[in-house]
Amino acid sequence: MGGFQASAGNDATHRRPRRRAAAVTKGRWAVTSIYSKLPAPYNAGTYVWGYNLNGAGATWPARTIESRRNIATTAIYSNSLVNTKLQSLLTVDQSIHWADPLNITHGNNCINPPPFGPPLAAPCLQPYAGPIPTVTHLHGFEVLSQYDGHPDAWFTPGFALKGAAYLTNTYNYQNTQEPTTLWFHDHTLGIVRLNVYSGLAGFYLLRDNRDTGYANNSITLPAGDQEVELMIQDRQFDTKGQLYFPDSDNPANLNGPPANPNKHPYWIPEFFGDVITVNGKSWPVLDVEPRRYRIRWLNASNARMYIMQMFNQASVDMHQNGPAGPAIWQIGSDGGFLDNPVKPGAGDRLRASPEASPCARGHHHDAAVSPANL
Ligand SMILES: [Cu+2]
């Protein structure tokens, strides 16, 4: 039985995505040209959090985990989120139902703001600055509840404080379900939006004796460099190149002071970023060969939905779409492989064309595309 350790790691300055295969995303523009003009410490890059797998260093997204069906594995989670710069940049609202490690929200009745309750007490209006809670959920995984990363099973660094549902930090993953693309991410009550935004997410590929990941697999799936997982997330950045999460839902004042200082001072119902990142890179490019690819794309954004489509950009620059490219064939979803490949076709108002395929938040599509005619 194999296993791995994952520590929610602290403040890696982030410039590069993790690389699993040789076919990787790469930035169209040199990232260093942006950061080098910033004052220290921001010239080191964007501060993010990441999972540190088996001590190989924290990355956003995490290094991809691959497991085999019916071979159990163990995940041992710990929390190293101490003295983080990011905590002061992403404000945690204490007037919503959340993990509340220091009992500030509960102790001050912060979850009943006006007009439902009296004016909030002063401690409710401060962004949380205490020890950071985290817990990890493996999304779409069939697992016993004590290993599921319940939102109230969070723990702070050193396990000093724990949520009411905490039982263990050693999760037994049986891997009995059909092979599919899974992903793990922070699941802490009331702050998933911020902790995943910070970078706490990664792929978990469940394979079997057909979907082996090797080129000689019996169902002729593209493998090796032709198998690529893409984590798609929208972000906002401030003028120092750092992650920005607006406090205000006022369209005229999106990045200004909180719109509801006396209610939920640091909370907005939805987030839409203006920069799309893939595997931790802004607007990246993936170089491909003229052959079939298997692309596992995951929408790990907070709220945004995507319509995926291939365009032929051979004679068009990145700022406009070229002619429609080859079709995307969907071969799998969160539940595993489809019985037959499906070409997401016309008849859905969300689809821009018969070649397009929508992908909702938290969902993954396993797709086969053939850019052979590009
Ligand atoms: Cu999830």
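Conventions adopted
Residues numbered from 1 in each chain as written. Predicted model: local features only at pLDDT ≥ 70, side-chain atom pairs only at ≥ 80, totals over all residues. Helix = DSSP H or I, 4+ residues; strand = E, 2+ residues; numbered from the N terminus. Buried ≥ 20, exposed ≤ 12 C-beta atoms within 10 Å, placed from the backbone. Contact = placed C-beta atoms within 7 Å. Core = buried A, V, L, I, M, F, W, Y, C linked by C-beta atoms within 7 Å. Pairing = 2+ DSSP bridges. Axes fitted to C-alpha atoms, helices over the stretch in contact; angles between N-to-C directions. pLDDT = per-residue confidence, 0-100.

Our focus in this paragraph is the overall build of the protein. Counting secondary structure elements, the protein contains four helices and 21 strands. For the protein, the proportion of its 374 residues judged to be buried stands at 37%. Restricting the contact set of the protein to residue pairs at least 6 apart, pairs at least 24 apart contribute 73%.

Let us look at the environment of Trp98. Secondary-structure assignment places Trp98 in the loop between helix 2 (86–89) and helix 3 (104–107). For the pair Trp98 and Ile191, spaced 93 residues apart in the sequence, the C-alpha separation amounts to 6.8 Å. Setting aside anything within four residues of it in sequence, one finds Trp98 in contact with Thr105, Leu189, Gly190 and Ile191.

With 59 residues, the main nonpolar core has Trp183, Ala201, Tyr204 and Leu243 as its most contacted residues. With sequence-adjacent residues up to four places away left out, Leu243 is seen in contact with Thr46, Val48, Leu86, Leu89, Leu90, Tyr197, Ser198, Arg235 and Phe237.

The next thing to look at is the sheet that holds strand 7 (residues 136–139). Spatially, four strands are ordered 5-10-9-7 in an open sheet, and the strand pairing comes out mixed. In this open sheet, the two strands that pair with only one neighbour each are strand 5 (65–68) and strand 7. Taken over all neighbouring pairs, the strand axes of this sheet differ in orientation by 25° on average, direction set aside. Here strand 5 pairs with strand 10 (residues 201–207) via four bridges, running parallel. Looking at the pairing, Ser67 lines up with Leu206 of strand 10.

For Tyr147, the position within the fold is in the loop between strand 7 and strand 8 (170–173). For Tyr147, a count of 21 C-beta atoms within 10 Å puts it in the buried group. Taking C-alpha positions, Tyr147 is 9.2 Å from Ala75, a pair spaced 72 residues apart along the chain. In contact with Tyr147, other than residues within four places in its own chain, are Tyr171, Asn172 and Tyr173.

The omega torsion across Ala40 and Pro41 is 5°, close enough to zero to call that bond cis. By secondary structure assignment, the location of Pro41 is in the loop between helix 1 (32–35) and strand 3 (46–53). A cis amide bond links Trp60 to the next residue, Pro61, at an omega of -10°. Of note, the phi angle at Asn54 is positive, near 50°, even though the residue is not glycine. Following the sequence through the fold, Asn54 ends up in the loop between strand 3 and strand 4 (58–59). Residue Asn54 is classed as partly exposed on the basis of its C-beta count, with 13 C-beta atoms lying within 10 Å. The phi dihedral of Asn83 falls on the positive side, at around 50°, and the residue is not glycine.

So, about the pairing of strand 3. Extensive coverage of strand 3 is indicated by the burial of eight of its eight residues. Where strand 3 and strand 4 come together, two bridges link them in antiparallel fashion. Bridged to Asn52 within strand 4 is Ala58. Here strand 3 folds back onto strand 4 in antiparallel fashion, the turn holding four residues, of which Asn54 has a positive phi close to 50°.

Scored by pLDDT, the protein has a mean of 83; 82% of the residues are at 70 or more. The low-confidence segment residues 14–32 (pLDDT under 50) makes 40 contacts with residues lying over four places distant or belonging to another chain. Across residues 346–352, where pLDDT falls below 50, the model places 10 contacts with residues more than four positions away in sequence or in other chains.

This next bit is on the environment of Met318. Mapped onto the fold, Met318 is located in the loop between strand 17 (306–308) and strand 18 (328–333). Taking the C-alpha atoms as reference points, Met318 and Val285, 33 residues apart in sequence, are found 9.6 Å from one another.

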